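Chains, contacts and geometry: an overview
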Amino acid sequence: MEEINIWWEGSFSISDILEDKIDPSIYENTSDKIGLYQIYGTHPLYGNDKLLYIGKTQNKNGFKSRLKNRWVVENGQDNENVKIYLGTIFSHNEDIKNKENSFIEKAEVLLINALKPAFNSSNIQSVDIKLIEQNYIVYNHNNYRDIYPMLSTEYFWKDTNTNILITDELAQEFDNQKVTDENEYYMFTLPKNENIFIGVDYGCWNKTKQPLQLAIDKNIIDDIQIEKIKSGFDILNYSDEHNQCYYISLAKSLKDKNIIEHIKNKIYQIEKLIK
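None of the values given here were measured: they were computed from a predicted structure.

**Re helix α8 (residues 223-232)**
Among all positions of α8, only Gln-225, Ile-226 and Ile-229 are buried. Along the axis of α8, the buried residues cluster in a sector spanning 95°; they form a single face. Exposed residues pointing more than 90 degrees away from the buried face of α8 are listed as Asp-223, Ile-224 and Ser-231. The inward-facing, buried residues of α8 contact β10 (213-217), β11 (245-249) and α9 (259-273). Where α8 begins, the capping side chain belongs to Asp-222, and its oxygen is found 3.2 Å from the backbone nitrogen of Ile-224.

**As for the pattern of salt bridges**
In this structure the tally under the stated criterion is eleven salt bridges. Among the salt bridges present, the one from Arg-145 reaches Asp-146, with a minimum N-O distance of 3.2 Å. Judged by relative accessible area, Arg-145 falls into the partly exposed class, the value being 22%. Salt-bridge contacts for Glu-227 lead to Lys-230; the nearest nitrogen and oxygen are separated by 3.8 Å. Linking Glu-227 with Lys-230, this pair stays in helix α8, spanning three residues, or about one helical turn.

**A look at α9**
The end-to-end C-alpha distance of α9 is 21 Å, a good match for the 21 Å that 15 residues give at a rise of 1.5 Å each. Of the positions making up α9, those classed as buried are Ile-259, Ile-260, Ile-263, Lys-264, Ile-267, Ile-270 and Glu-271. Buried residues along α9 cover an arc of 130° about the axis, so they all sit on one side. In the core, the buried residues of α9 are packed alongside α6 (153-173), β8 (185-190), β9 (193-201), β10, α8 and β11.

Procedures and definitions
- Residues numbered from 1 in each chain as written.
- Predicted model: local features only at pLDDT ≥ 70, side-chain atom pairs only at ≥ 80, totals over all residues.
- Heavy atoms only, no water.
- Buried < 20%, exposed > 50% of the residue type's maximum accessible area, 1.4 Å probe, protein only.
- Helix = DSSP H or I, 4+ residues; strand = E, 2+ residues; numbered from the N terminus.
- Arc of directions from axis to C-beta.
- Contact = heavy atoms within 4.5 Å.
- Polar contact = N/O pair within 3.5 Å; in protein donor to acceptor, adjacent residues only side chain to side chain.
- Salt bridge = Lys/Arg side-chain N within 4 Å of Asp/Glu carboxyl O.
- Expected span 1.5 Å × (residues − 1).

What follows is the structure, encoded as structure tokens:
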């Protein structure tokens, strides 16, 4: 499997990058390098110091050129406090100059799809089949902030596609419900209760490692009902930004041959408990 190593440094302000203030005696990732970047700042829903955007530059003029007039920096709610982390490709064993641009592209697509940053829309669930069919692993080193230290295409593409296919099949089973595909989630509501959501909330998946979930709006259940649910189901230790829902694991293993029927039975049982 092909290995891609990224060396992350930061945080830097936008002026550090645009005005060449990064000290090369301290940092390797200076403004003139090419590579990847993460932008953290304030989001109207998710709060302060959150991952907003992952991007890349393959331009010979480097990060300085790419980050000039970036919308996510210029139009953020608190653009004075934006933090930027820069990542460059490296290898301990080989000269990767002729592979650098390819590695940057592959790493960006995988990072965006795995992490679903709030302001990224391109590359999410529109990945070129040529990349999906390739096996590579991304290792993040040094100050990689809130992203994973390691991501594998073999694990991520397979699991993501499987979860989406299962959600689609469940939606058909429940009166062919429409699945909502957003940056934050891939879910549908039950036909008899629009306050129950089925599918994948990416934030919950990232934190709990449980991809398929049922989310219940806290406003529609009382303390007695939630205690009944807790006694029979695995409530996940996760809250969305507004602490609005309870999240329940629907499947611990995607290898379950009868996964659709088992999930449907769980959903019916939960529906009965909250009626």
